Amino acid sequence: MILSDNNVFLLKNDNLAYMFRVTEHGNLEHLHFGAPVELCDADAFSVKYGTGWGSNSGPEGEEFPMYLPLEWSGLGTGDYRESPTEFAGEDPAGFKFSHYKTYDEIVPIQCSLPQAKGKAETLEIVLAYVGGMTLHLFYTLFDTAVTRRAVLYNNTDQPVTVTKLMSYMLDMQGEFEITTFNGSWIAEMRPYRAEVGLSGIVNESTTGFSSAMHNPGFILNQPGANETSGEVIGFNLIYSGNHYARIQRSHEGLTRIVQGISPVDFEWELKPAEFFETPEGVMVYSNEGFGGMSRAMHRFINEHIIPVTWQHKDRPILYNDWEGCMFDFNESKLLSLAKKAKKLGCELFVLDDGWFGERNSDKAGLGDYNVNKKKLPHGLSGLQKKLSDVGLAFGLWFEPEGVNPDSDLYRAHPDWALHANSGVTVLGRNELLLDLSKQEVRDYIVENVSRCIDEGKVSYVKWDMNRHSTALGAIAHKCVLGLYEVLDRIFGERPEVLLESCSSGGNRFDLGMLCFSPQIWSSDDTDAIERYHIQYNLSYLYPLSTMGAHVSAAPHSQTLRDTPLSTRGNISFFGLLGYEFDLDDLSSVETEEIMNQIEFYKEHRHVFQFGEFRRLRAPEGMSIQVSDGKTTIVGLFHELVHAAPGYERIFPEALMPGKIYSVESRKQLLNASKFGGLLKFVLPVKVKPDGIVVRTAGKKYRMWDATQACSASGAALMSGLSLNARFMGTGYDPQMRMQGDFSSNIYLIKEES
Ligand code: GLA
């Protein structure tokens, strides 16, 4: 609900509260973002600055803004902290409260920027700027989040050049630590945690997109907060372009947070009567630690960000031909793969790059969406019909924002591509980006992608984008707006088509894309162990239902790591399961193992994709859990093993202490050919560890690893379920988990009726 009394505003529900007030001099004083509180608590939160500090400045006879926790600020007012607004050539002056309105729904954004949807209430605060502009601050209250955005109206008779306009600003009292998520291609989402100090921290992207370098989402926590307790606040931005956030503590103990479109090179001319809308910022609060914050964020995304048609809807298990074929395929190879994928249990066949134009490598053809008849003589519809006969739906890859200079499209329209201001041709993966601020470019993309989707009766699209932009500032923002318009035009009319967005993997994993694509390809790094970390770190800010997670070949092409197939499957279960390698290379035992994996995933798919997620305590490994209340699934993962490992336990959470549960570990196969010289001691016949007999046996036979089953109370399980011993180098016992490096187990915990 939204309450207001005596110049105090309170947005509040059972999970959180956001409160501020209008001061005597028309400033907005931030009072509280956190646990639910009452309107009458305003005074308790309000700062008491007494006679104030020295070196203060401010409008004559008014309070000194520099010492106030504010909801908005401007340059030249006496507030020397980061300003959320800057105009070129304007006389500096502040924004003062004018009036407010409330709505019992969201207030729609007018431009193509996406926004959170669903049940909500909105408070609009209007601030007046000396000289005639007005700034409208929108606060929308959802069940587990508050969103904020700002809209600037030019009510003057002169154009104004906006050089910076953040989506939100707030000053919170107290000390905080910050976690940001940084990285690169095939190295996404590496967390960095630091104290928020007096020098501040900037989290920004200037690549034209949200980027793998600095995800727009970040987390503030009170020192001492951990996975299960303490106050933690998550922030994010519903935007896929250049972003900027600065978080800085003041000497007086106020932490200022601003976030919005990157101001680098930003100049937006706002003519009289025009307005500029900023993307929506998202904030969630939890006093149940990082885990509670993540669950609040997951709920918000699943219910208010994901396209309505796909909310809580099971996602298909797909086979993607990219890592198996790259550009080298033809229809008969694809159909051979499809038949195998179908046998394994896959539901969707995704044809990745290489199907159009002269796209036989990444050097040519991008932009030319005419089917390559040498590879696909019967076109998209021919392939689709054959896939449908096999029993698979058809998915197709596009990279509509890019163009190779060696393409018919570029030869016909060189001016459609974005070029660096320097005049130097800056290529990325041999391509340029199209200028989506141009109507004709947007129309070309909409027409071509739509045509191919309809022709091929495509039920899934992988929308890729594989380079950084050369554009900054206003043009970069216009391209992002253009992209949103294009996505809306194509998929708004085809809501049943499942869109998976991708940008060289997770280079554009953000809430803006998730408003159109329910899922995102998390990383081009498909090494299972690397993926475990990427998915684990994504889970801080994004739900498992958004993470494309495929099983790939071992040894892995990026790390050369030889991870067991069981672990490759177990990690992909905690996301959207798919398979991506040459299935013609599969042995019969691997086929059987994958069939088992898919059968298991199908049985528990909804829990994996939409269950409540937890990162668990795991003294010797890494452990995560999903649960729908009735079925809880715990994954336990190891990296390098040590000899003589100690006892090991798992620590499931959120079970009912007094209820009895059955626990069962998922049956897993072991590749005996990996046991090396050990085989000499356990087999009745002498065999060479790397000899033909063992290698052939490894392809045809597998051993079942030990399983464990018991029943116990929730209380006992939560205090630690003691697991079967791991192999410890002293002999063989069929009850032992015979696991080496990169091993894992899945435990299924079910309420007994
Ligand atoms: C990018 C994607 C990959 C694949 C290739 C195709 O790298 O991230 O998954 O689609 O492009 O060129």
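What you see is a predicted model; the values in this text were computed from it and never measured. (Residues numbered from 1 in each chain as written. Predicted model: local features only at pLDDT ≥ 70, side-chain atom pairs only at ≥ 80, totals over all residues. Heavy atoms only, no water.)

Counting buried positions along strand 33 (residues 631-637) yields 7 of 7 residues, so the element is predominantly enclosed. On strand 33, burial covers both faces: T631, I633, G635 and F637 on one face and T632, V634 and L636 on the other are all buried. Once strand 32 (residues 622-627) ends, the chain turns through 3 residues before running back antiparallel as strand 33, passing G629 with a positive phi of about 100°. Across 7 bridges, strand 33 lies against strand 40 (residues 744-751) in antiparallel orientation. Among the inter-strand pairings, G635 is bridged to a residue of strand 40, identified as I746. (Buried < 20%, exposed > 50% of the residue type's maximum accessible area, 1.4 Å probe, protein only. Helix = DSSP H or I, 4+ residues; strand = E, 2+ residues; numbered from the N terminus. Pairing = 2+ DSSP bridges.)

Turning our eyes to something else, we now look at the site of the ligand. In the vicinity of the ligand lie 13 residues, with D352, D353, R429, K462 and D524 positioned nearest. At 3.1 Å, a side-chain N or O of W397 approaches an oxygen atom of the ligand. The fraction of the free accessible surface of the ligand (310 Å²) that becomes covered by protein chains is 96%. Here the residues of the shell around the ligand are counted per class, giving 4 nonpolar, 3 polar and 6 charged. (Near = heavy atom within 4 Å. Polar contact = N/O pair within 3.5 Å; in protein donor to acceptor, adjacent residues only side chain to side chain. Areas by Shrake-Rupley, 256 points an atom, 1.4 Å probe, with all protein chains shown as cover. Nonpolar A, V, L, I, M, F, W, Y, C, P; charged D, E, K, R; others polar.)

This brings us to unusual backbone geometry. The omega torsion across A554 and P555 is -5°, close enough to zero to call that bond cis. Within the secondary structure layout, P555 lies in the loop between strand 29 (547-551) and helix 11 (565-573). A positive phi angle, near 55°, is found at N6, a position not held by glycine. Take N6: its relative accessible area is 70%, and that puts it in the exposed class. For M189, which is not glycine, the phi dihedral falls at a positive 60°. Summarising the element assignment, M189 is placed in strand 12 (residues 187-195).

This model, assessed by the stated rule, comprises 42 salt bridges. Here D527 makes a salt bridge to R561, at a shortest N to O gap of 3.1 Å. Here D527, found in the loop between strand 28 (519-521) and helix 10 (528-538), pairs with R561, found in the loop between strand 29 and helix 11; they are 34 residues apart in sequence, far enough to count as distant. There is no split in this pair, since D527 and R561 are both buried. For R614, the salt bridge identified is with E653, shortest N-O distance 3.5 Å. Here R614, found in strand 31 (residues 612-616), pairs with E653, found in the loop between strand 34 (649-650) and strand 35 (660-665); they are 39 residues apart in sequence, far enough to count as distant. The pair formed by R614 and E653 is uniform in burial state, with each residue classed as buried. Residues participating in the shared-partner salt-bridge network are D79, R81, D171 and R256. (Salt bridge = Lys/Arg side-chain N within 4 Å of Asp/Glu carboxyl O.)

What follows covers the sheet that holds strand 4 (residues 28-34). Reading across the sheet, the 4 strands line up as 1-2-3-4 and stay open at both edges, with antiparallel pairing between neighbours. In this open sheet, the two edge strands, each paired with only one partner strand, are strand 1 (2-5) and strand 4. Between one strand axis and the next, the sheet turns by 15° as a mean value, whatever way the strands run. Examined bridge by bridge, strand 3 (residues 17-22) and strand 4 share 6 bridges and lie antiparallel to one another. (Axes fitted to C-alpha atoms, helices over the stretch in contact; angles between N-to-C directions.)

This part is about the packing of aromatic side chains. For the coordinates displayed, the defined rule picks out 42 aromatic pairs. On the numbers, 5.4 Å between centres and 75° between planes, the contact of F142 with F300 is edge-to-face. Placement of the pair is F142 in the loop between strand 8 (134-141) and strand 9 (146-153) and F300 in helix 2 (residues 289-304), with a sequence separation of 158 residues. Here F142 matches F300 in class, with each residue buried. Of the aromatic side chains, those joined through ring pairs into one cluster are F181, F290, Y532, Y536, Y540, F573, F574, F600, Y601, F608 and F637. Over the ring of F742 we find R561, and its NZ or CZ is 4.9 Å from the ring centre. Positioned over the ring face of F651 is R617, at 3.9 Å from the centre of the ring. (Phe/Tyr/Trp six-rings, centres within 6.5 Å; stacked < 30°, edge-to-face > 60°. Lys NZ or Arg CZ within 6 Å of the ring centre and 35° of its normal.)

This next bit is on the sheet that holds strand 35. The strand order 31-32-33-40-35-38 describes an open sheet built from 6 strands, whose pairing is antiparallel. Among the strands making up the open sheet, the edge pair consists of strand 31 and strand 38 (709-713). Recorded for the sheet is a direction-independent mean angle of 20° between the axes of neighbouring strands. Across 5 bridges, strand 35 lies against strand 40 in antiparallel orientation. Bridge pairing in strand 40 links Y661 to E751. Strands strand 31, strand 32, strand 33 and strand 40 of the sheet are contacted by helix 12 (residues 588-610), whose axis makes an angle of about 90° with strand 33. (Contact = heavy atoms within 4.5 Å.)

A few words on the domain arrangement of the chain. Domain parsing of the chain yields domain 1 (2-304), domain 2 (321-610) and domain 3 (622-668 + 705-751). Between domain 2 and domain 3, the C-alpha centre-to-centre distance is 35 Å. Both sides of the domain 2 and domain 3 interface together cover about 1800 Å² of buried area, and 73% of this is carbon and sulfur. Viewed at the interface, domain 3 and domain 2 are joined by 0 salt bridges. (Domains from an automatic or database assignment. Buried area = accessible area lost by both parts, 1.4 Å probe.)

It is worth spelling out the state of the cysteines at this point. With the rule as written, the count across this model stands at 0 disulfides. With no disulfide of its own, C346 has C325 as its nearest cysteine by sulfur position, at a separation of 14 Å. What makes C346 buried here is its relative accessible area of 2%. Of all cysteine sulfurs in the structure, the one in C111 sits closest to C479, which takes part in no disulfide; the separation is 14 Å. The exposure class assigned to C479 is buried, which follows from its relative accessible area of 12%. (Disulfide = S-S within 2.5 Å.)

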